[in-house]
Amino acid sequence: MFLDRVTIWVAAGAGGDGAATFRREAHVPRGGPDGGDGGRGGSVTLSVDPGQTTLRDFRHHHHFRAGAGARGMGARRHGKAGQNLVLAVPPGTAVYDDGAGALIADLVASGQEALVARGGRGGLGNTHFATATHQAPRHAQKGEPGQERWLRLELRLIADVGLVGLPNAGKSTLLAALTAARPKIAVYPFTTLEPNLGVLDLGEDDERRPTIADVPGLIEGASQGAGLGHAFLRHVERTRILVHVVDGSSRDPEWDHGVIRGELAAHDPALLEKPMLVVFNKIDLPAAADRWEAFRRERRRDGPTAIAASAERGDGLDDVRAAIARMLPSAAELEAPPEPAGVVVHRFDTVGDGFVVRLPGPRPADRADRRPDRLRRRRVRGSLPARPRPPRDRRGAAQGGHRAGRPRADRRHRARVGGRALGQPVNPGPAKAGAMSSRAAGPVPGRFGILGGTFDPIHHGHLAIAEAARDALGLERVVFVPARQPPHRPDRPIASADDRAAMVALAIAPNPAFTMSRVELERDGPSFAVDTVVAFADEERKAGREPALWFILSAEAFAGFLDWREPGRILETCRLAVLPRDGHPPADPGPVAAAFPALADRVHSLDGPRLRLAATEIRRRAARGFSVRYLVPDAVATYIGDHSLYRDGDPAARARARGDDAS
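Please read these numbers as outputs of a predicted model, since none were measured by experiment.

Basis of the calculations
- Residues numbered from 1 in each chain as written.
- Predicted model: local features only at pLDDT ≥ 70, side-chain atom pairs only at ≥ 80, totals over all residues.
- Heavy atoms only, no water.
- Helix = DSSP H or I, 4+ residues; strand = E, 2+ residues; numbered from the N terminus.
- Buried < 20%, exposed > 50% of the residue type's maximum accessible area, 1.4 Å probe, protein only.
- Contact = heavy atoms within 4.5 Å.
- Areas by Shrake-Rupley, 256 points an atom, 1.4 Å probe, with all protein chains shown as cover.
- Axes fitted to C-alpha atoms, helices over the stretch in contact; angles between N-to-C directions.
- Nonpolar A, V, L, I, M, F, W, Y, C, P; charged D, E, K, R; others polar.
- Pairing = 2+ DSSP bridges.
- Phe/Tyr/Trp six-rings, centres within 6.5 Å; stacked < 30°, edge-to-face > 60°.
- Lys NZ or Arg CZ within 6 Å of the ring centre and 35° of its normal.
- pLDDT = per-residue confidence, 0-100.
- Salt bridge = Lys/Arg side-chain N within 4 Å of Asp/Glu carboxyl O.
- Lys, Arg positive; Asp, Glu negative; His and termini not counted.
- Polar contact = N/O pair within 3.5 Å; in protein donor to acceptor, adjacent residues only side chain to side chain.

Visitor: Would you explain the overall build of the protein in this entry?
Guide: In terms of regular secondary structure, the protein is built from 14 helices and 25 strands. Looking at the protein as a whole, 49% of its 663 residues qualify as buried. Taking all contacts inside the protein whose residues are at least 6 apart in sequence as the whole, residues at least 24 apart take part in 74%. In the form shown here, the protein has an accessible surface area of approximately 32,700 Å², with 49% of it arising from carbon and sulfur atoms.

Visitor: Is there a simple way to explain the packing of helix 2 (residues 253-267) against helix 3 (residues 286-302) in this structure?
Guide: Packed helices, taken two at a time, are described by the angle their axes make and the gap between the axes. Look at helix 2 against helix 3: their axes get within 10 Å of each other, and the N-to-C directions meet at 35 degrees. When helix 2 is examined against helix 3, the residues Pro-253, Glu-254 and His-257 are found in contact with a partner set consisting of Arg-291, Phe-295, Glu-298, Arg-299 and Asp-302. Its residues assigned to classes, the contact of helix 2 with helix 3 comprises two nonpolar, one polar and five charged.

Visitor: Is there a simple way to think about the sheet that holds strand 25 (residues 603-605) in this case?
Guide: Sheet strands line up and pair through hydrogen bonds in the backbone, either parallel or antiparallel. In space, the six strands of this open sheet follow the order 22-21-20-23-24-25, with parallel pairing throughout. If you trace the sheet from one side to the other, it starts and ends with strand 22 (514-516) and strand 25, each paired once. Each adjacent strand pair in this sheet contributes to an overall mean axis angle of 30 degrees, direction not counted. Helix 6 (residues 460-473) rests against strand 20 (448-453), strand 21 (477-482), strand 22, strand 23 (549-554) and strand 24 (575-579) of the sheet, and its axis sits at about 145 degrees to strand 21. Against the sheet, helix 7 (residues 497-508) touches strand 21 and strand 22, its axis set at about 160 degrees to strand 22.

Visitor: I'm lost on the pairing of strand 12 (residues 241-247) in this one. Help?
Guide: Each regular strand displays side chains that alternate between the two surfaces of the sheet. Across the seven residues that make up strand 12, a large majority, seven, are buried. By the alternation rule, side chains of strand 12 split into Ile-241, Val-243, Val-245 and Asp-247 and Leu-242, His-244 and Val-246, which are all buried. When strand 9 (residues 161-164) meets strand 12, the two strands line up parallel, connected through four bridges. The residue bridging Leu-163 from the neighbouring strand is Val-243, located in strand 12.

Visitor: Would you take a moment to explain the packing of aromatic side chains for this structure?
Guide: Two aromatic rings, taken as a pair, are described by how far apart their centres are and by the angle between their planes. One pass over the structure, following the stated rule, counts nine aromatic pairs. Relative to Phe-64, the ring of Phe-58 lies with its centre 5.7 Å away and its plane at 75 degrees, an arrangement referred to as edge-to-face. Take Phe-64: its relative accessible area is 9%, and that puts it in the buried class. Ring pairing ties together the aromatic residues Phe-551, Phe-558, Phe-561 and Trp-564, which thus form one cluster. The positively charged end of Arg-299 is found above the aromatic ring belonging to Phe-295, 4.6 Å away from the centroid. Stacked on the ring of Phe-528, the Lys or Arg Arg-565 has its end atom at 3.8 Å from the ring centre.

Visitor: Help me out: how do you make sense of the confidence of the model for the protein in this one?
Guide: Caution applies to low-pLDDT regions: their predicted coordinates should not be interpreted in detail. Confidence in the prediction for the protein averages 75 pLDDT; 73% of positions are at 70 or higher. Scored below 50 in pLDDT, residues 221-229 makes 21 contacts in the model with residues more than four places away or belonging to other chains. Confidence drops under a pLDDT of 50 for residues 348-356, and excluding neighbours within four residues, the segment shows 22 contacts in the predicted structure.

Visitor: Can you walk me through the pattern of salt bridges in this structure?
Guide: A pair can form between side chains of opposite charge whenever their charged atoms are brought close. In total, this model carries 18 salt bridges according to the counting rule given. A salt bridge links Glu-25 to Arg-23, with the shortest nitrogen-to-oxygen separation between them at 2.8 Å. Residue Glu-25 is classed as partly exposed on the basis of its relative accessible area of 45%. Using a relative accessible area of 40% as the deciding quantity, one classes Arg-23 as partly exposed. Salt-bridge contacts for Arg-569 lead to Glu-566; the nearest nitrogen and oxygen are separated by 3.8 Å. Exposure remark for Glu-566: the relative accessible area of 39% places this residue in the partly exposed category. Look at the salt bridges and you will find they share partners, linking Asp-98, Arg-152 and Glu-154 into a network.

Visitor: I tried to follow the sheet that holds strand 4 (residues 85-89) on my own but got confused; where do I start?
Guide: Across the sheet, three strands lie side by side as 4-2-7; this open sheet has mixed pairing. Two strands bound the open sheet, and with one partner strand each, they are strand 4 and strand 7 (113-117). Strand-to-strand twist across the sheet, computed as the mean angle between neighbouring axes with direction ignored, equals 30 degrees.

Visitor: Just checking my understanding: could you explain the pairing of strand 2 (residues 44-48) for this structure?
Guide: The buried fraction of strand 2 is high, at five of five residues. Alternating positions in strand 2 separate into two faces, Val-44, Leu-46 and Val-48 on one and Thr-45 and Ser-47 on the other, with burial throughout. Sheet analysis places strand 2 next to strand 4, joined by five bridges and oriented parallel. Following the sheet pairing, Val-44 is matched in strand 4 by Leu-85. Sheet topology places strand 2 next to strand 7; four bridges connect them, and they run antiparallel. Following the sheet pairing, Leu-46 is matched in strand 7 by Ala-114.

Visitor: Sorry, what's going on with the side chain of Arg-602 here?
Guide: Position of Arg-602 relative to the elements: it lies in the loop between helix 11 (590-595) and strand 25. In this structure Arg-602 is buried but unpaired, with Asp-601 as the nearest side chain of opposite charge at 5.8 Å. A polar contact is formed between the side chain of Arg-602 and the backbone oxygen of Leu-571, at a distance of 2.3 Å. With sequence-adjacent residues up to four places away left out, Arg-602 is seen in contact with Leu-571, Glu-572, Thr-573, Cys-574, Arg-575 and Leu-576.

Shown next as structure tokens:
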């Protein structure tokens, strides 16, 4: 049975509890606490196994749990870590959160992995709670529970050639004639109930061995759920080329051809942009022979190459093989997956209300809530770790001693979060990689970041960088500034400035902390960062506020910062927030510090996501007809498809679409 969609429940292991033990042995008075930490819980990971072609391993087994961590022991012995659980899935598996419907990972490359449930951290032993005033803690920390969730796995077969057509058009017969596959073949419609795969032999001189996928027949309305083929339309999304098989002996082959194209467009318009070959099957029958000339004239008019063949008798099969060979890429490119090496989406979960700290002070005049306690409330982002408090006596002091010499009034309201006193501004510290890896306590009013770029198109990497900078720096908002004419791209951008601005607006719409500025779109000539940051600073001063600007950029862009126009003026106007870029070395602030010693402290390296995403690769995929829905926000993917952006950017793709030899 071919299984291409399942729902499973995964649970990571819980962390082990910490130990609350004491060293007790002869001749060692007051040995002190020696409880070890609990072991971490095991995690659940999905890994691509190229030997699998279906999700049949999940047909009867739907619940999976990783091992739990062992509790800590005395003598500072840590508990054993829980056993990780690795589930094998076939190439082309898309992983969704079944509850939220969000994409977690799209796994296509052999050996690619995605962490879907993270194990809980082990609890701390009582050795961590010993202080000079509390030398014998009798409590330890509980282990954290592991993450658990329902997942939906959807398989999209990875094949080089996809056969589509109406039921009984002869797709299975053509697959059997071109490959060694032996699918079930009969004269009645819907004989094929599940996809079949075969390997095409292009001859001894051709080392390419493309795979062909035959999906069940489509009927009118398949994209809305009619018939069987609607459940398998997603399998043709990853193919390099499509072979449309038309029954030449049917009552109206032209109508049959239009029905299939309409269903492909309704499912995903990008499918019609793939290189396509039309096989006019059953040419050995008199009815098909009579209709062939009229059908061929229509295909010459609308573009796709049409070949007359008889899959049952073997007529025209050599021409079909030759046409497929011309449309396929080289052997080196054929060895790689039809799509790039997948994507694992790293999402930044928003922090809830957390806890509330009450501080004394005057009540704001505009506060509508008149409470008699005259306490003002400050809401802090985050939550305190669930660690037990040490025992206290009747006076509120920790058992084991007082903090001598410190008056009670000096410490009564010194609440701290993440190592900083409440209300203390974020201090990035020295300019070195990893200097700010923790989150800020919350947004600071008036502080905002500027993220400029071509955004051609905007993708998940841009949004992840903006979210990481916002959390780490406590930014009230992040302003996306698309450029009209980037100085590093003197030629005209592939997408117009209006299209790029529209895509940015669609991408940031769900996040109220993200806004867009058209300051560079309305500027004539090339766009320079110094002009943009100075314009923002001037607006802040006109409004009576001291500018608190951060310019967000990647480590790749920071490597050439000294070549920018007026880098010193940029540093005088704003601070730089440098985030890592996958595949590039970490930011090196040394050259900038040497060039501007007085401004070296205005460059800060942040820890952030390392997504393997590039706008160049997204444009290349779109030009070749591949879907980009997993690399950009859904609204941006829809905009690209509706406006046919980047479709004319690849001459080789246009040549393959015409059936020409791209070489």
